[in-house]
Amino acid sequence: MSVRKYDSGELVMGRWPGSCLYYEVQIVTFDVPTQLYTVRYKDGTELELKENDIKHAAAFRSKKRSVSPSRRRSRSRSRSPGRARSPARTPKNALQPPSQIRDLTKGDILQIHLTPLKLHEYKVGKRNGEPEGIEKNVASQRITQLKVEQEMENNNEKVLRYIFNPRKEDSITKGILKEEIAKEKIVKEKAVENRKVLEFGGTIGVSFMILAQPVLLYYLLLVCVQKDASIFNFHSGLTVSDLWNTTVFGVFLLWIFLQALFYLLPLGKITDGVPLVNGKRLKYRINGFHALLLTAAAVAVTLYCKISLLYVFENYLQFAASATLFSILLSIYLYARSLKAPNNELSLGGSSGHVIYSFFMGRELNPRIGKFDLKYFTELRPGLIGWVLINLIMLLAEMKMQNRGVPSVSMILVNSFQLLYVAHAFWNEEAVLTSMDIVHDGFGFMLAFGNLVWVPFTYTLQTFYLVNHQVDISWTVASAIIALNTLGYVIFRAANNQKNAFRKNPDDPRLAYLKTIPTSGGKKLLVSGWWGFVRHPNYLGDLIMAVAWCLPCGFNHILPYFYGVFLTCLLIHREARDEHQCKIKYGLDWEKYCQRVPYRILPYIY
Ligand code: NDP
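Residues numbered from 1 in each chain as written. Predicted model: local features only at pLDDT ≥ 70, side-chain atom pairs only at ≥ 80, totals over all residues. Heavy atoms only, no water.

The antiparallel open sheet is built from 5 strands, whose spatial order is E4-E3-E2-E1-E5. The sheet is open, and its two borders are formed by strand E4 (46–50) and strand E5 (54–56), each paired with just one other strand. Taking the axes of each pair of neighbouring strands and ignoring which way they run, one obtains an average angle of 50° across the sheet. Both strand E3 (residues 36–41) and E4 contribute to a ladder of 5 bridges, which runs antiparallel. Bridge assignment links Thr-38 to a residue of E4, and that residue is Glu-48. (Pairing = 2+ DSSP bridges. Helix = DSSP H or I, 4+ residues; strand = E, 2+ residues; numbered from the N terminus. Axes fitted to C-alpha atoms, helices over the stretch in contact; angles between N-to-C directions.)

Quick look at the structure:
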């Protein structure tokens, strides 16, 4: 980390954005994570500058003398930000149509002739309505103006048109800015080109994952039941009958049908999904929390009727095998039906032309049978509710296997933490509608196996481990673990809530204190609050919680820490995928965001 070069209060020369001119400024603050100085110009304008854009005043003294007086006069009159503050500096009136406004980029007065034709809301109206809280990023406003002009030229559309009669200096500035636009175009073209690059190592990578994931799952489960659960101490006398039981498969199907029934119940509200690439907006019924409560009621009835839930524990491997077979059959069905799907309903990854790759990534984006959305149902219901149900079964199994009157503290902690997480997901179910899985990924083996097998059978590894390995922790240790989980949960929840609320209503007065930067597509990006701390604060919270979920299993074996290791890899990879998508969506604006918020997940480290 570099040391700051200029102190607060120091008078230096700062470069005016978008130009090669320097003015006297005072250093206000220095932000260590972004390495940006906040500087104040003589007229009170505050901007953030990089160290490279700041120089000591002494460096200019000799140059100043060499400038001819006439030239110096003309500059000081026309360019100096020390002159009265321009009304056009607030984004509110940045594109308002006065007969003349001050060009923010350099402080010149520009003539603007308006030829009012048809007002295009997306390109012009929206910017006029931006709230006061928006950061006054003058250079980007100017770029956006130029982009609007350029887009209008490209599309030859009849929209409200601003015609600038620039001075000579303006055309220089315009040249610089046009260069930026060209740069942005290259970034976007590169991103579109990258889109064609296959993810997960292409066909070879996904073939490996299709085979390796089930093998890894059974390996983990088999090691977990051994007395010595060391990962290199693996003995398996596994036979087919250990893996397959038709009755178990029947019970598993019953579970899927029960959840499908709850999904179809006319409970909860119906909401719109985000607009898809084909312009359609699908409707979704939000009743996951109802399904969770109904499942809890069904479990209570089962226990009341003295039907032993331990059947699941006793046939655990067979249940995992049933879920695997079901997910494979579902993936084959999804692939087959996708061959008849119209092109505009296919996902980007799924329409690659490679059969195995498409089978893994999923071709169809939102396959439905009538109103039954197969992906949305699989994403949340059988697997997620199955996860907490299996945890409960493991709690009962621990009491039986270890002859306990009450479950262990470790078991209670893991059950409670994970139940809170799942209940939170259902309580905020609508947030899933904007997730990468729903909006971007097709429905294929990756999501089918991931949601139906991987989540319920590997995320429960800690409770499965605790059944077979007695761990007793003190209440002091338990309190520390609870504090850690609370910290993770607060970060996770606050970050997700902040973004979801902002995406729902960017003008929400409760979020007015947050700084944002505009993007050329019209959406804004948060650059303060949680999303100004790191670029994925929600992942940070998730990872802290993951540690808290593993710690109750003690330190005898590494196996129960599998979830923490897996989630770290998953979220690092997911962050890279999301970053890639955001580069496509936001181009240079995303790069600006990355400069402002340089760390991805963990401040100062990653
Ligand atoms: P995120 O909730 O992190 O959303 C990423 C999107 O947010 C971006 O594509 C962008 O979309 C928007 N965004 C990014 N930066 C900003 C910003 N500065 N201002 C405004 N919007 C921004 O995506 P995920 O679906 O990956 O994660 C959702 C949650 O699920 C997370 O909490 C994650 O931890 C959790 N998760 C858990 C997993 C598990 O197995 N336990 C697995 C995967 C996720 P746009 O601009 O288009 O709105």
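On we go.
Here we come to the packing of helix H8 (residues 246–264) against helix H14 (residues 382–401). Running from amino to carboxyl end, H8 crosses H14 at an angle of 115°, the nearest separation of the two axes being 10 Å. Helix-helix and strand crossings are classified by hand; for H8 and H14 the assignment is right-handed. Contacts between H8 and H14 involve Trp-255, Ile-256 and Gln-259 from the first element and Pro-382, Ile-385, Gly-386 and Leu-389 from the second. Residues that form the contact of H8 with H14 fall into these classes: 5 nonpolar, 2 polar and no charged. (Left-handed = near helix turned anticlockwise from the far one by under 90°. Contact = heavy atoms within 4.5 Å. Nonpolar A, V, L, I, M, F, W, Y, C, P; charged D, E, K, R; others polar.)

So, about helix H9 (residues 288–304). End to end, H9 covers 24 Å across 17 residues, agreeing with the expected 24 Å (1.5 Å per residue, within 8%). Within H9, the full set of buried residues consists of Gly-288, Ala-291, Leu-292, Thr-295 and Val-299. Down the axis of H9, the buried set is contained in an arc of 100°. They therefore lie on one face. In this fold, the buried residues of H9 make contact with H8, strand E10 (283–286), H14 and helix H15 (409–427). (Expected span 1.5 Å × (residues − 1). Buried < 20%, exposed > 50% of the residue type's maximum accessible area, 1.4 Å probe, protein only. Arc of directions from axis to C-beta.)

Checked against the element boundaries, Arg-4 lands in the segment before strand E1 (11–15). Sequence separation of Arg-4 and Asp-31 is 27 residues, and the distance between their C-alpha atoms is 9.4 Å. With residues near it in sequence (within four places) discarded, Arg-4 still touches Ile-27, Phe-30, Tyr-37 and Glu-51.

Close contacts around the ligand come from 26 residues, with Arg-503, Tyr-539, Asp-542, Arg-574 and Tyr-586 the closest. Between an oxygen atom of the ligand and a side-chain N or O atom of His-536, the distance comes to 3.2 Å. Of all elements in the fold, only helix H19 (475–504), strand E14 (524–526), helix H21 (537–550), helix H22 (562–586) and helix H23 (588–596) reach the threshold of two or more residues within the shell around the ligand. Residue classes in the shell around the ligand are distributed as 15 nonpolar, 4 polar and 7 charged. (Near = heavy atom within 4 Å. Polar contact = N/O pair within 3.5 Å; in protein donor to acceptor, adjacent residues only side chain to side chain.)

One non-glycine residue, Phe-200, lies in positive phi territory at about 55°. The topology assignment puts Phe-200 in the loop between helix H5 (168–195) and helix H6 (202–225). One non-glycine residue with positive phi stands out, namely Tyr-604, at about 65°.

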